[in-house]
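Residues per chain are reported as follows:
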Amino acid sequence: MTGKPPKSPASNAVHNGQGTSSKRIKSTASNMSIKSKGNDKTHSAQSPAPDRCLSGHPDDIHPIVLTSVTQEHFECRVEQDVTSDNPFKPLKRADIVQDMKARAAVSDFSPIKQAVMDYPEEEMLLVFDSDFKYGQSFYLVLTVEAKQRILSDIMPNVQNSVEEQTSEKIMQKTPTHQPWKSLGSEREIDDEIVKDTRSRLKVEIFRVRRDFGAEVTFSDRSAVSAKDAFVECISHHYKNLSLNLTERNITVHAIANTRTLSTQTKWTYPKNMCTQYEFRQFTEEEKEKCLLSENLKTFASSVAVRCEIAIQQNVITDIFFDDWATLSEVISTHGDKTDSHLKEYQSFTDLCYSKDKMISYISWHPNISGLIAVAMTERLSFEQRISGSTKLLLNPPLILFWGFSDPINPQLLLKCPDDIFSFQFCPSDPNIIVGGCKNGQIVLWDISLHHEQLKGIRGGGGRNMSTTNQVFEDKQENLTSVVHYCAVSSIEDGHKAPITDIQWLRESFEITRMGIPVENKNMMCVQVVTCASDCSVMFWDIRVPCVIAQSQTDRKKKMEQKLLEKPHGIPTTFKHLDLSWRPLFRVSLQKIDSGGEYRPVKFSFRDNTCDNQTVSLTDKPVFNKERPDITEYSQLLVPSDKHLKPLENISTNLYIGTEEGELVYTDWKLEKDESGRLQCAKPSQCLFTLNSQVNTVQHSPFFKDIILIVAGWTFAIWKEEITQGPVMQSPYSEKKYSGGCWSLSRPGVLFFGTEDGDIEVWNLVEKTHKSFHTQNITTSQITCIRPWINHSKQNLLAASDQSGTLHILEIPWMLHSPSKHEKLNMSKYFEKEVERLMYSCTKRQAMRPKDKKNTNVDEQRGKVEPVVPEEDVQKMYEDFLNTKMLILKDSGQEFRCNI
Amino acid sequence: MSVEETIKRIQSQKGVQGIIIVNAEVLICNAGIPIKTTLDNSNTVHYAGLIHQLVMKARSTVREIDPQNDLTFLRVRSKKNEIMIAPDKDYFLIVIQNPSE
């Protein structure tokens, strides 16, 4: 039941209560304030609040009215002496008493006469009451305590004055009981009380008696089926009850900025930076003990079988060998002929210097690519020379330098005293050139001054240089610089016949006067070997000989005087040698069988493959460039023999090809013979007779013991130490060979020049009975062939002919790039040939025990006409060849042998 | 047949560069130490130490796949040569051969 409580009576009561209470509060408040005011006063003023008198002012002050006369008398005129701000006026009591006496009843102070009399002190306080608080304009303070109280209360009085006036004096009172006023609320309560309006009825229900204890059957009845079985009170959404929260009080608490951080420390632990250890080893006793143990023996026997099987498997066949990959190599060697054509790269001929002359020798410059030097000689016979000797003086023999950039003008001319048949650049210093003359002299040139000019010559790159040269030369009448020779050997001590071959000794060793090779401390080429038709081989040293140096100082001075007369411009590098140069020693070549001597044409010895680029690349000293001290040959002295260490591995054997076509194998060391004199040993072997002059003897650049010898219509390859015969000899060809050389890049390729101007290329890997490729390059006889590797892609072959033209040919890729395992194949081939030689030799020796001459045997191997019964030998030979073919086929190498 | 004869026989085969007999006892922990060799000392010890580990690994591989199985022979073919290893219980034999010679 909702009912609003009747507001008016209760509220009245409340208000009244509030009103009274407010009054009370007010009064208590005013009491409190005054009390507080009283407490606010200073410590001295703790007097209890004065009682309120009925008139409304405290007892100890008395409001009085002061007339204007009195005011003037006591000097307390209103607004003049006393103001509201300054209300206090102390009066003398004596004055007041006097005034009272003077005016008796008229005095204003008469009502308080008694109080004044009782006043203890001399001064009384008169306070101007501007607000008429106590009803009058002035009041007089009657007691000392009040006066003190008021006086000390000056400041707060001003402030509290407002308060004082508004608040009443309140007294603390406990609220007293007041009777309850009824405002109609008891009627409401009565309404709410539940009372019985009638007495309660009592109803008793029980079942029919007969059903007591009877069976009861319960059945189910679904509540849903019957309609009125249940009454549902569904909850429904009552809008008024759901409140929409439009306002919600939340609290927000500000906190300081937080930040999550984490760190992880690295747990370092000591790690090994490096360890040094050495392997464990058994001591000798332990090893011995192990070796003797039974365990090891059983192990060895059991394991050996397995190992042997595996090893033999490997030997039988190499299962990882890729036939397919290597097949391409085999195919490439059988290329067509066009691939093996030597392309003409350039040819050089000079109009004035090459006229009617032939080139006798070619030499490539070892360092500067594209520079080649040729020696021009007259192609006249001896009688013609004599008859035309005057004409010869006008055309001095020259060595021409050709550069690839300029095919018309030679780069440099070297003047020679006579026709040069052989010359060579010094391998350690290409500015020194030594040449052998027709008259038996050795000539030395020094072209260091022109080195810079020559350096600029490149095949094509130097074209600019050459054009500028030409510009200059136009002004200077096209002069190429001429270099005069700077030293010649002494005429009496040198060769007496034309020097046919000259070679520098390698810088790694030098020869002493005894012929013993010793180490060369200078690492410069200082010695030269020459051979001439006067049956001697001489060794020369270009340094100042030390033994006779002292005795020759006088002679030197004389020489110097003579030298000063020489024209300016000749380098004085070898002035110590000029005209006084003597050979170190001399090797004579006595014939083995008969008297007389061999006349050497060409020679070659094992450790002196000077001009090859393939093998000696690693052996060459690094300092091949210009060195400042190299020109001081005059300061090099032949060292005394004792200080130098002899080298063991240098072989002192020479192969010499002679005019009669023999290959002579000799040792150049001097030996003591019976009489104690030093003499050269006789040549140990004479290996060959070809019946025509040998024109080339050359060691192979790849194999140290394989020598090529070209003579007449055939050439042969010999192996050192194998004296039974040549390893390979070519069949006699129709054309005479006039020159030959090994290829520098392929171990099995040889180049030959013929009389007709053909170049024959032999590829021993493929065919050994025929030339691989023949090509005609000129009409006249080829006099010299020299190969050269310009750079890795360009292999050149220089061929000179008798008409004075120098041809430069480019070797095609197929001919200069070695096939796979070519060196191995060639060495195998040589070995097989050697075996064959041995075999056939022994067989023939068995056939002819009396015949001890082994040299004749292989001479005409090409046309076999044995002395012994033909059929037997032939049959044996054929058997041998058949087995050989079988073996060769099996091992996969198809060499066709000479049949 | 003694150990020397075995070694000589194997050495005489074509292309054989060296033979080493190595101790393989694992229990006493002095394994991988060469006993007899035809090579120089530094090479021998090198081979012995390295190949010992290889053999142990190979053997354990074989045995893990099938515990009844065991390693009988190991051939390591390289570009330059072939190393053949015959292991046994206590020792193993290393043969280095150059097959293309």
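Scroll up to find the structure this text is about.
The structure presented is a predicted model; accordingly, all values stated were derived computationally and were not measured. (Residues numbered from 1 in each chain as written. Chains lettered and ligands numbered in written order. Predicted model: local features only at pLDDT ≥ 70, side-chain atom pairs only at ≥ 80, totals over all residues. Heavy atoms only, no water.)

A. Focus on helix α2 (residues 41-65) of chain B. Residue and element names in this part refer to chain B. With 25 residues, α2 extends 36 Å between its outermost C-alpha atoms, agreeing within 8% with the 36 Å of an ideal straight helix rising 1.5 Å per residue. The set of residues buried in α2 consists of Thr44, Val45, Ala48, Ile51, His52, Val55, Ala58 and Arg59. For α2, the elements touching its buried residues are β1 (16-23), β2 (33-37), β3 (74-77), β4 (82-87) and β5 (91-97). (Helix = DSSP H or I, 4+ residues; strand = E, 2+ residues; numbered from the N terminus. Expected span 1.5 Å × (residues − 1). Buried < 20%, exposed > 50% of the residue type's maximum accessible area, 1.4 Å probe, protein only. Contact = heavy atoms within 4.5 Å.)

B. Spatial organisation of the interface of chain B and chain A. Contacts between the two partners involve 34 residues from chain B and, on the opposite side, 28 residues from chain A. Around 3,000 Å² of area is buried between chain B and chain A when both sides are counted, 63% of it from carbon and sulfur atoms. Per-residue buried area on chain B facing chain A is highest for Ile35, Arg77 and Tyr91 of chain B; these three make up 19% of the total on that side. Inspection of the chain B/chain A interface yields 1 salt bridge. For Arg9 of chain B, the salt bridge identified is with Glu308 of chain A, shortest N-O distance 2.4 Å. Counting residues per element, the ones that place at least two in the side of chain B that touches chain A are α1 (3-11), β1, β2, α2, β3, β4 and β5 of chain B. Top contributing element to the side of chain B that touches chain A by residue count: β5 of chain B, with 5 residues. (Buried area = accessible area lost by both parts, 1.4 Å probe. Salt bridge = Lys/Arg side-chain N within 4 Å of Asp/Glu carboxyl O.)

C. Inspection of the environment of Glu344 of chain A at higher detail. Residues and elements named next belong to chain A. Relative to the assigned elements, Glu344 resides in strand β5 (residues 343-348). Ignoring anything within four residues of it in the chain, the contact list for Glu344 reads His807, Ile808 and Leu809. A distance of 3.3 Å separates a polar atom in the side chain of Glu344 from a polar atom in the side chain of His807. (Polar contact = N/O pair within 3.5 Å; in protein donor to acceptor, adjacent residues only side chain to side chain.)

D. Highlighting the side chain of Thr805 of chain A. By the secondary structure assignment, Thr805 of chain A is in the loop between β36 (794-801) and β37 (806-811). Aside from chain neighbours lying at most four places away, what touches Thr805 of chain A is Ser347, Phe348, Thr349, Ile359, Ala799 and Ser800 of chain A.

E. Quick peek at the pairing of strand β23 (residues 663-667) of chain A. All names here are of chain A. Burial within β23 is extensive, with 5 of its 5 residues counted as buried. Of the two faces of β23, the one lined by Leu663, Tyr665 and Asp667 and the one lined by Val664 and Thr666 are each fully buried. Across 5 bridges, strand β22 (residues 653-658) lies against β23 in antiparallel orientation. Residue Leu654 lies in a different strand from β23, and its bridge partner there is Thr666. Once β22 ends, the chain turns through 4 residues before running back antiparallel as β23, passing Gly661 with a positive phi of about 95°. (Pairing = 2+ DSSP bridges.)

F. How the structure looks around the nonpolar core. Core analysis: the biggest nonpolar cluster contains 23 residues, and Leu296, Phe299 and Cys307 of chain A together with Ile10, Ile21, Leu93 and Val95 of chain B have the highest contact counts within it. Every element with two or more residues in this core is listed here: α8 (284-292) and α9 (294-316) of chain A together with α1, β1, β2, β4 and β5 of chain B. The element contributing the most residues to this core is α9 of chain A, with 7 residues. With residues near it in sequence (within four places) discarded, Ile21 of chain B still touches Leu296 and Phe299 of chain A together with Val3, Ile7, Pro34, Ile35, Lys36, Tyr91, Phe92 and Leu93 of chain B. (Core = buried A, V, L, I, M, F, W, Y, C linked by side-chain atoms within 4.5 Å.)

G. Expanded view of the state of the cysteines. Residues and elements named next belong to chain A. Under the definition given, this model contains 0 disulfides over all chains. The structure places no disulfide on Cys437, whose sulfur is separated from the nearest cysteine sulfur, that of Cys416, by 6.4 Å. On the basis of relative accessible area, Cys437 is assigned to the buried category, the value being 0%. (Disulfide = S-S within 2.5 Å.)

H. Quick look at a nonpolar patch on the surface. Together, Leu201, Val203 and Ile205 of chain A give the surface a local cluster of nonpolar side chains, amounting to about 410 Å² of exposed area. Judged by relative accessible area, which is 68%, Val203 of chain A ranks as exposed. (Patch = residues over 30% accessible without salt bridge, like charges linked within 9 Å, V, L, I, M, F, W, Y side chains within 5 Å. Areas by Shrake-Rupley, 256 points an atom, 1.4 Å probe, with all protein chains shown as cover.)

I. Spotlight on the sheet that holds strand β31 (residues 737-742) of chain A. Residue and element names in this part refer to chain A. The strand order β31-β32-β33-β34 describes an open sheet built from 4 strands, whose pairing is antiparallel. Each having just a single partner strand, β31 and β34 (773-776) make up the two edges of the open sheet. With strand direction ignored, the average angle separating the axes of adjacent strands in the sheet is 20°. Note that strand β32 (residues 749-754) and strand β33 (residues 758-763) share 5 bridges and pair antiparallel. (Axes fitted to C-alpha atoms, helices over the stretch in contact; angles between N-to-C directions.)

J. Seen up close, the sheet that holds β3 of chain B. Residue and element names in this part refer to chain B. Spatially, 5 strands are ordered β2-β1-β5-β4-β3 in an open sheet, and the strand pairing comes out antiparallel. Only two strands of the sheet have a single neighbouring strand rather than two, namely β2 and β3. Strand-to-strand twist in this sheet, taken as the mean axis angle between neighbours without regard to direction, amounts to 20°. In this structure, β1 lies alongside β2, joined through 4 bridges in antiparallel fashion.

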